[in-house]
Amino acid sequence: MRVTDRMIFNNAAKSTSKSREKAQQATSEVSSGMRVVHPGDDPAAAGLLSGHRISESRFAALVATTGRASDELNAADKAFEGLSELITRSREIAIQYANSTYSGPQREVAAEEVKALFRHSISLLNTRADNRYIFGGNLDSTPPFDNAGQYHGDQGIRRVEIAPGVVEDASVRADIVAKGVGGGVDALATVQSLITALESNDVDTIRDTLDPLDTAITQTANGRARAGAILAVLDSANMAARTARDTEKGNASREADSDVFESASRMALAQRALDAALTASAQSFQLTLLNKIR
Amino acid sequence: MADLLSILSQGASSLDAHRASTATASHNLQNVDTPGYSRQSVMLEAVIPATSTTNAYIGRGVRVETIRQARDRFVESQIPSAIGSAARASSEAQSLSTVHVLNPDMAGGLTSALADFFSGLRALSQNPGSTVLRQNAVDGARGLASSFNRTADGITSARTAIDQEIEGAIHEVNDLATRMAALNVEIRKARSTGAEPNDLLDTRAKLRDQLAEKTGAIPVPNSQGDISMTIENGMALVSETSAGQLSIVPDPANDGFLKVGISLSDGTGPFSLSSLGGKIGGLLNARDGALKNAANAVDRLAFDMAEELNAVHSSAYALDKSSGHNLFQVGSDPHQAAKNLTVNPQVSANPDLIATASSADTVPGDASRLFALIDVENAPLAGSGGKDATATLSQIISGYGTAVQRAEAYKENSESIRDHLLNMRESVSGVSIDEEIVNMTRAQRAFEAVAKVITTTNEMLETLMKLK
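Residues numbered from 1 in each chain as written. Chains lettered and ligands numbered in written order. Predicted model: local features only at pLDDT ≥ 70, side-chain atom pairs only at ≥ 80, totals over all residues. Heavy atoms only, no water.

## Considering the overall build of chain B
Within chain B, the regular secondary structure consists of 12 helices and 13 strands. Radius of gyration (C-alpha) of chain B: 37 Å, far over the 23 Å computed for a compact globule of 468 residues. Seen through its principal axes, chain B has C-alpha atoms that stretch 145 × 45 × 30 Å. Going through the 468 residues of chain B one by one, you find that 48% of them count as buried. Here chain B displays about 20,600 Å² of accessible surface, and carbon together with sulfur accounts for 53% of that area. (Helix = DSSP H or I, 4+ residues; strand = E, 2+ residues; numbered from the N terminus. Rg over C-alpha atoms; globule rule 2.2 N^0.38 Å. Buried < 20%, exposed > 50% of the residue type's maximum accessible area, 1.4 Å probe, protein only. Areas by Shrake-Rupley, 256 points an atom, 1.4 Å probe, with all protein chains shown as cover.)

Okay, structure coming up:
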């Protein structure tokens, strides 16, 4: 084949340009750590990358929501625990003052203690988390229990997404635990009845509160058990969401990130090729008759 | 019989021949880097003897038979088409690869906006009465709408930029076509003198290649030596000694993007062109192929998502116990839905209007309809063949990527064919400095030899003159 000077120069320009492009691409991959930036870099990986990123974000959101729901349930559990202790103390007072040896004034003093326990119970049942009342059902912007122990929430149970498209209960109804809705005892009314009986020195009524207070303690324990069960579900969902999020992150990284060792060796190869192209070009430029006949 | 004076006379004409050789080598050397230049060679021939002496013919020196260009017609006939194909693939690949709005990891791109929007809804689902989370959800919705707007604008900008490039290329093509028709006239005239106008032929070949590069036009030579250039359906852009003109008009059926037409040299037209080649063809292919498909798919996704979300949202109850609010504003059909998508201004101004509850009595804590909104993320969309939003977006991105990759692969392939043919042409027609220096030295030596002949003849004449 006849080789002209233009061919030599064109070839030198083309081969060095190509080598430079490859070296630049490899350098960019090594420095950015990214293999897929434009959809054209790897169409299938780009499409998958988008899906993985959205999934990663979806599971990260689930981690956050299940985490917050867990926090609220923990707050509910603490409130029920406190309520249980207060009812237990009320029952202890009831047992103590059901004994006929106590006088009316002594029972009045005991009534003051139970009143304080009642007020504390109300404040526990009006617990707020994340700026809302966690025992109000859907009506969570106002205190669900008034000072008389009346419930003003609804029967709504808050729910939370624990996996994409899967929604689970994330609250325990306080109207069941504290007010006995659906067949239990009204713990608050019983405590109020105890207060009235202590104030009026009515030993029989004091005795009558013992069984309902027992039931109320059991109700509270059931509420805590229910909260614990939901917490277990939420914790497990949270763990699963974390794992899924990390898996999606790993999948996204596998699609988008460059293999550092592979990129580095490709960069070294590209730089070597560029060096060779430049050397060959420089050599070919010197080999001309012009240099010999001067 | 060759007398001394005729030898002197022959010497003079032989000097001319060798001077022509030197001049041609010099011309070649001076054009060593001229694009489209084909090296020329002087064809020398011995002057046929007119007289004989005794039983032998005595030669009469040398003369220039012709100056010929080195060309390989077979290779050259394939070059315009190869140039057109490479330019088409190259311009398409270049146009597609400069669009970045569909990059999967782009900050503020559709991927992150879609993820942020649904994350905002999920966060709100945990506490639907929260003002902060409502504002966050509205911001997510705004972000999604803006991302669709930006994506649509990015694609439209790319298509508009292509139109501007086409407009510039059309002017160049019309100028090239006019010059080529004029060159056909000039070449006809030059040939009428009997000589081959080599440099004019080179210029015309260059114009031919440029027209092929811009439009994919195919050269059609005729018996008179003219070269016409035909494009789609045999319509002539250059018809022998006259040129047609390409024109552009906005096409209402294609969102006002430019439509290319041709007015023929006989005054007919303009005729609409739908399958141009070359750079313009590649640009049109990018504009009305992958970019248009991506724009339509993004519009469809925006429309379907907005419709699905609105259907759920309008049936739910807001914090103020009202209902019937759309979350997004989108037109009545998918056309330009991505560009026009906005968050309902009422919702945007008042995050309390994000509807989450299934009943007016269950606000603010009821998130049941919010879960239905979130479910839209995984619901099959009307125009996506059973795919959900994420899968549809992935398909749009990978579909666009595949188009880019295909264009890049075709570019590599067609450029390599073009480069190979150009290399072959260069191998035949290109100038080699070494060769030309040798040619020039050879001509110089021949010139010196003839000069010696003249000197010797002169001395012989002088010897004769001195005879007494």
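## Thoughts on the environment of Gln30 of chain B
Residues and elements named next belong to chain B. In this structure, Gln30 sits in helix α1 (residues 4–30). The spatial distance from the C-alpha of Gln30 to the C-alpha of Val431 is 9.5 Å, given a sequence separation of 401 residues. Polar side-chain contacts of Gln30 include one of 2.7 Å to the side chain of Ser26. (Polar contact = N/O pair within 3.5 Å; in protein donor to acceptor, adjacent residues only side chain to side chain.)

## Some words on the pairing of strand β5 (residues 218–221) of chain B
Residue and element names in this part refer to chain B. With 4 bridges joining them, β5 and strand β6 (residues 227–230) adopt antiparallel strand pairing. Residue Ile218 lies in a different strand from β6, and its bridge partner there is Thr230. Hairpin connection of β5 to β6: 5 residues between the antiparallel strands, including Gly225 at a positive phi of 90°. (Pairing = 2+ DSSP bridges.)

## With respect to the packing of helix α2 (residues 43–97) of chain A against helix α3 (residues 104–125) of chain A
All names here are of chain A. Two elements in contact, α2 and α3, have axes separated by 9 Å at closest approach and are oriented at 165°. If you check the angle between α2 and α3, you find them roughly antiparallel. Considering how the two elements wind past one another, α2 and α3 form a crossing that is left-handed. In contact with Ala79, Gly82, Leu83, Leu86, Arg89, Ser90, Ile93 and Tyr97 of α2, α3 contributes Gln106, Arg107, Ala110, Glu113, Val114, Leu117, His120, Ser121, Leu124 and Leu125. (Axes fitted to C-alpha atoms, helices over the stretch in contact; angles between N-to-C directions. Parallel < 35°, antiparallel > 145°, perpendicular 65-115°, else oblique. Left-handed = near helix turned anticlockwise from the far one by under 90°. Contact = heavy atoms within 4.5 Å.)

## Section: the sheet that holds β5 of chain B
Residue and element names in this part refer to chain B. An order of β5-β6-β7-β8 is seen for the 4 strands of this open sheet, with the pairing classed as antiparallel. This sheet does not close on itself; its edge strands, each paired only once, are β5 and β8 (242–243). Alignment of strand β7 (residues 236–239) against β8, held across 2 bridges, turns out to be antiparallel. Looking at β8, one finds that Ser239 is bridged to Ser242. Against the sheet, helix α5 (residues 198–215) touches β5, β6 and β7, its axis set at about 5° to β6.

## Examining helix α6 (residues 278–288) of chain B
Residue and element names in this part refer to chain B. Burial runs high along α6: 9 of the 11 residues are buried. Burial in α6 covers these residues: Gly278, Lys279, Ile280, Gly281, Gly282, Leu283, Leu284, Ala286 and Arg287. The elements touched by buried residues of α6 are α2 (73–97), α4 (131–191), α5, β9 (245–251), β10 (257–263) and α7 (290–314).

## Quick look at the confidence of the model for chain B
It should be kept in mind that the predicted coordinates are not to be read in detail where pLDDT is low. All names here are of chain B. When pLDDT is averaged along chain B, the result is 93; 99% of the residues meet or exceed 70. When the elements of chain B are averaged for pLDDT, strand β2 (residues 52–53) gives the smallest value, 64, and strand β13 (residues 342–343) the largest, 98. Prediction confidence for the complex, expressed as pTM and ipTM, is 0.88 and 0.88 respectively. (pLDDT = per-residue confidence, 0-100.)

## Section: the pattern of salt bridges
According to the stated counting rule, one finds 50 salt bridges over all chains in the structure shown. Two residues, Arg254 of chain A and Glu255 of chain A, come together in a salt bridge whose shortest N-O distance is 3.5 Å. The exposure class of Glu255 of chain A is buried, given its relative accessible area of 11%. Arg300 of chain B is the salt-bridge partner of Asp304 of chain B, the closest N and O atoms lying 3.1 Å from each other. Of this pair, Asp304 of chain B and Arg300 of chain B both sit in helix α7, 4 residues apart, which is roughly one turn of the helix. If you follow the salt bridges from partner to partner, you end up with Arg71, Glu76, Asp202, Arg208, Asp209 and Arg425 of chain B in one network. (Salt bridge = Lys/Arg side-chain N within 4 Å of Asp/Glu carboxyl O.)

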